[in-house]
Amino acid sequence: AETYSDIQRSAQFKTLNSDDLEYFQSILAKNEIIHSRDPSDLEGYNEDWMRKYRGQSQLVLRPKSVEHLALIMNYCNEQKLAVVPQGGNTDLVGASVPVFDEIVLSLANLNKIRSFDPVSGILKCDAGVILETADTYLRENGHIFPLDLGAKGSCHVGGVCATNAGGLRLLRYGSLHGSVLGLEVVMPNGEIVSSMDALRKDNTGYDLKQLFIGAEGTLGVITGVSILTQPLPKAQNVAFLAVKDYQAVQDVFVKAKGELAEILSAFEFMDKRSIQLTKRHIEKDTAFPLEEEYPFYVLIETSGSSKTHDDEKLETFLESAMESELVIDGTIAQDKTELQNLWKWREMIPESSQCQGGVYKYDVSLPLKDLYSLVTAVNERLAAKDLVGAESEKPVIAAVGYGHVGDGNLHLNVATRKYSKEIEEVLEPFVYEFVSQKKGSISAEHGLGFQKKKYIGYTRSDAEINMMKDLKKHYDPNGIMNPYKFI
Ligand code: FAD
Ligand code: 2HG
Ligand code: ZN
């Protein structure tokens, strides 16, 4: 894990003492406080999902009420104690863990569904509800959460809002900036600001909740979320297809948009190396659906209200795609288990690239025509420096590319045998410069966190960065909210 050797703990923050602990003990129950002088006892809170970043916090607070959380924030602000809000700790940019001794403020105990209206489809819940729990509850009520991602079993509803996660169906249901209707937020001074009663349409002044969506916990703590959910589709299909090159991925996308139209709910792509890496990790339990390997694969999902109608549309689409040799091989899930297995070959890529020892993850937006060129450029660069290969003495196992084609969002994962500064320096700032030259964004959906704090200028202008800094100074004058990160 990263040692943060190039930055210093800020002297403006107080170090936790016994008076502080006493105060927290006076408002919280014993099981809402985890304190240890040995930070490794709190590893699950101090270390991130990739095992790349590790902080040194000795204190985790897990309040069960918003009022208690507000008292904690007010106290921390007055005492200048730095705080990291934490949801499911599945973040991929080093935003969710402390850097030094910041207090971890976990939302895990604020985990109740507050209400659901099946007529409007509006769900109101605490921020600490696990995404999958919310989705299961909604399915029992004929609806689905408008966002789905591989980390759904651990990430929180508040956490996905704080990162503005995009996920696998953004193409269909849009971003959280559109589906979140209201938030309840505890500000650094302890004030509770709520727009939880918000309506579908409400144009009275600034849309303040947007400030917290994607702010990565640097402005306030989200404690409640009101969100517009979607009707549970009655019919769902998944096709897993093989194509000969990246141009064909784009051609299939255009064809799918035109012919599957309103039933298209996901369009994902992955390259050969992504699948080879994933095979190493999951093939013993999940058979790969195609007999051969191909340069690129696409996963297409349809969601609609009539099975016969959707089946017919998908079959017609596939027949013509195969006849014209745009698609060279493929399979359609015949039942729910097969459908889940096909999704696994896409959803397990992030874990497969991480579990080999170390991983450098880049989540970028690029114009669609240039989307894959970054993967090619990085592989050429690694090969030129003789860093990549299957042989055990090569530090990089593979640089793989996959992602949400429908959103112009590429995930480049460089799987390594261990974390090393040498590899990092080959990749950064090269990747960011490449993306900036192509007029892309250095963060499509994961945020900036600690990983990309130095690189914000590649995508945002000075004027924009100054405006962000002004907001931060205004609402968090002591800088206690998630310090050392992008702002
Ligand atoms: P955490 O990781 O705990 O925190 C994330 C950030 O939000 C931190 O800055 C933290 O301080 C802040 N935060 C958390 N909760 C709050 C709160 N209540 N109030 C204020 N700030 C808060 N992302 C995508 O966009 N699309 C994907 O498809 C996707 N797939 C993933 C698949 C896997 C296997 C994994 C491990 C991650 C994936 N992610 C994806 C990353 C994604 O950012 C997270 O899964 C999710 O958004 C983080 O939610 P969390 O509850 O774990 O938040
Ligand atoms: C996904 O789309 C996630 O699977 C994770 O955003 C991507 O791990 C990654 O790089
Ligand atoms: Zn993604």
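If you're wondering where the values come from, they're calculated on a predicted model, not measured in any experiment.

1. Topic: the site of ligand 1
- Taken together, 37 residues lie around ligand 1, and Gly 87, Asp 91, Gly 158, Gly 159 and Gly 217 are the ones closest in.
- When residues of the shell around ligand 1 are traced back to their parent elements, those giving at least two are strand E3 (83-86), helix H5 (157-163), strand E10 (221-228) and helix H12 (349-354).
- Examining the composition of the shell around ligand 1, we find that five residues originate from one element, H5, more than from any other.
- Its residues assigned to classes, the shell around ligand 1 shows 17 nonpolar, 16 polar and four charged.

2. Overview of the environment of Ala 11
- For Ala 11, the location among the structural elements is in the segment before helix H1 (18-27).
- Separated by 474 residues in sequence, Ala 11 and Lys 485 place their C-alpha atoms 16 Å apart.

3. Things to note about the UniProt feature "domain: FAD-binding PCMH-type" (unreviewed entry) in the protein
- On the UniProt side, "domain: FAD-binding PCMH-type" (unreviewed entry) is annotated at positions that read residues 53-232 here.
- Between the C-alpha atoms that bound residues 53-232 the distance is 38 Å, and the span itself is 22% helix and 24% strand.

4. A look at unusual backbone geometry
- Residue Glu 428 is joined to Pro 429 through a cis peptide bond whose omega torsion reads 5 degrees.
- With respect to the helices and strands, Pro 429 occurs in the loop between helix H14 (421-427) and helix H15 (430-437).
- The phi dihedral of Lys 80 falls on the positive side, at around 60 degrees, and the residue is not glycine.
- Looking at the element boundaries, Lys 80 is found in the loop between helix H3 (66-79) and E3.
- On the basis of neighbour counts, which here come to 13 C-beta atoms within 10 Å, the residue Lys 80 falls in the partly exposed class.
- With a phi angle near 40 degrees, Ala 261 is a residue other than glycine that sits in the positive phi range.
- Looking at where Ala 261 falls in the secondary structure, it is placed in the loop between helix H8 (246-259) and strand E13 (264-271).

5. So, the nonpolar core
- Core analysis: the biggest nonpolar cluster contains 140 residues, and Cys 161, Leu 241, Tyr 297, Val 298, Leu 374 and Ala 399 have the highest contact counts within it.
- Not counting the four nearest positions on each side in its chain, Val 298 is found in contact with Leu 241, Val 243, Val 249, Val 252, Phe 267, Glu 268 and Phe 269.

6. Re the pairing of strand E4 (residues 103-106)
- Judged by which residues are buried, E4 turns out to be covered on both faces: Ile 103 and Leu 105 on one side and Val 104 and Ser 106 on the other are all buried.
- By the bridge criterion, two bridges tie strand E2 (residues 59-61) to E4 in an arrangement that is parallel. Bridging from a neighbouring strand, Val 60 pairs with Val 104 of E4.
- Pairing analysis gives four bridges linking E3 to E4, with the strands arranged parallel. Bridged to Val 83 within E4 is Ile 103.

7. Examining the sheet that holds strand E6 (residues 122-126)
- Read across the open sheet, the five strands follow the order E5-E6-E10-E8-E9; overall the sheet is antiparallel. The sheet is open, and its two borders are formed by strand E5 (113-117) and strand E9 (192-194), each paired with just one other strand. Neighbour-to-neighbour, the strand axes of the sheet open up by a mean angle of 10 degrees, direction not taken into account.
- Pairing of E5 with E6 involves four bridges; the strand directions are antiparallel. In the sheet register, Asp 117 faces E6, and the bridge partner there is Ile 122.

8. Overview of the environment of Lys 421
- Within the fold, Lys 421 resides in helix H14.
- Note on Lys 421: 9 C-beta atoms within 10 Å, which makes it exposed.
- Distance from Lys 421 to Leu 326, taken between C-alpha atoms, is 42 Å for residues 95 residues apart in sequence.

9. Some words on the site of ligand 2
- Taken together, Leu 92, Gly 150, Pro 350, Lys 361, Asp 363, His 411 and Asn 413 make up the full set of residues adjacent to ligand 2.
- Going through the elements one at a time, strand E16 (358-365) and strand E18 (409-416) are the ones with two or more residues in the shell around ligand 2.
- Residues of the shell around ligand 2, tallied by class, amount to two nonpolar, three polar and two charged.

10. Some points on the pairing of strand E8 (residues 180-186)
- Burial analysis of E8 places six of its seven residues in the buried class, which makes it a mostly covered element.
- Sheet topology note: the E8/E10 ladder contains six bridges and is antiparallel. Bridging across to E10, Leu 183 finds its partner in Val 225.
- Relative to E9, E8 runs antiparallel, the two being bridged by three bridges. Counterpart to Val 185 in the pairing with E9 is Val 193.
- Hairpin remark: E8 followed by E9, antiparallel, with five residues in the connecting loop; positive phi at Gly 190, about 95 degrees.

11. A few points about the domain arrangement of the protein
- The domain architecture assigned to the protein consists of domain 1 (18-109), domain 2 (235-347) and domain 3 (356-446).
- Distance from the C-alpha centre of domain 1 to the C-alpha centre of domain 2: 42 Å.

12. Points about the packing of H1 against H3
- With their axes 10 Å apart at the nearest point, H1 and H3 run at an angle of 165 degrees to one another. The pairing of H1 with H3 is recorded here as roughly antiparallel in orientation. As for how H1 packs across H3, the hand of that crossing is right-handed. Contacts between H1 and H3 pair Asp 20, Tyr 23, Phe 24 and Ile 27 from the former with His 68, Leu 71, Ile 72, Tyr 75 and Gln 79 from the latter.

13. What about the environment of Ala 321?
- Position of Ala 321 relative to the elements: it lies in helix H10 (residues 307-323).
- In this structure the C-alpha to C-alpha distance between Ala 321 and Ala 256, which are 65 residues apart in sequence, comes to 9.6 Å.
- Setting aside residues no more than four positions away along its own chain, Ala 321 makes contact with Val 252, Lys 255, Leu 326 and Val 327.

14. Structural notes on the sheet that holds E2
- With respect to topology, four strands assemble into an open sheet ordered E1-E2-E4-E3, the strand pairing being mixed. Two strands close off the open sheet at either side, each with one partner strand: strand E1 (33-35) and E3. Each neighbouring strand pair of the sheet contributes to a mean axis angle of 20 degrees, computed without reference to strand direction.

15. Some points on H8
- Under the 1.5 Å per step criterion, the end-to-end length of H8 is 20 Å for 14 residues, consistent within 8% with the ideal 20 Å.
- Buried residues of H8: Tyr 246, Ala 248, Val 249, Val 252 and Ala 256, and no others. End-on, the buried residues of H8 take up no more than an arc of 145 degrees, which puts them together on one face. Residues of H8 that are exposed and point over 90 degrees away from its buried face: Val 254 and Gly 258.
- On the buried face of H8, the contacting elements are strand E12 (235-243), E13, strand E14 (296-304) and H10.

Criteria and thresholds
Residues numbered from 1 in each chain as written. Chains lettered and ligands numbered in written order. Predicted model: local features only at pLDDT ≥ 70, side-chain atom pairs only at ≥ 80, totals over all residues. Near = placed C-beta within 6 Å. Helix = DSSP H or I, 4+ residues; strand = E, 2+ residues; numbered from the N terminus. Nonpolar A, V, L, I, M, F, W, Y, C, P; charged D, E, K, R; others polar. UniProt positions renumbered as here; feature names shortened; annotations may be inferred. Buried ≥ 20, exposed ≤ 12 C-beta atoms within 10 Å, placed from the backbone. Core = buried A, V, L, I, M, F, W, Y, C linked by C-beta atoms within 7 Å. Contact = placed C-beta atoms within 7 Å. Pairing = 2+ DSSP bridges. Axes fitted to C-alpha atoms, helices over the stretch in contact; angles between N-to-C directions. Domains from an automatic or database assignment. Parallel < 35°, antiparallel > 145°, perpendicular 65-115°, else oblique. Left-handed = near helix turned anticlockwise from the far one by under 90°. Expected span 1.5 Å × (residues − 1). Arc of directions from axis to C-beta.

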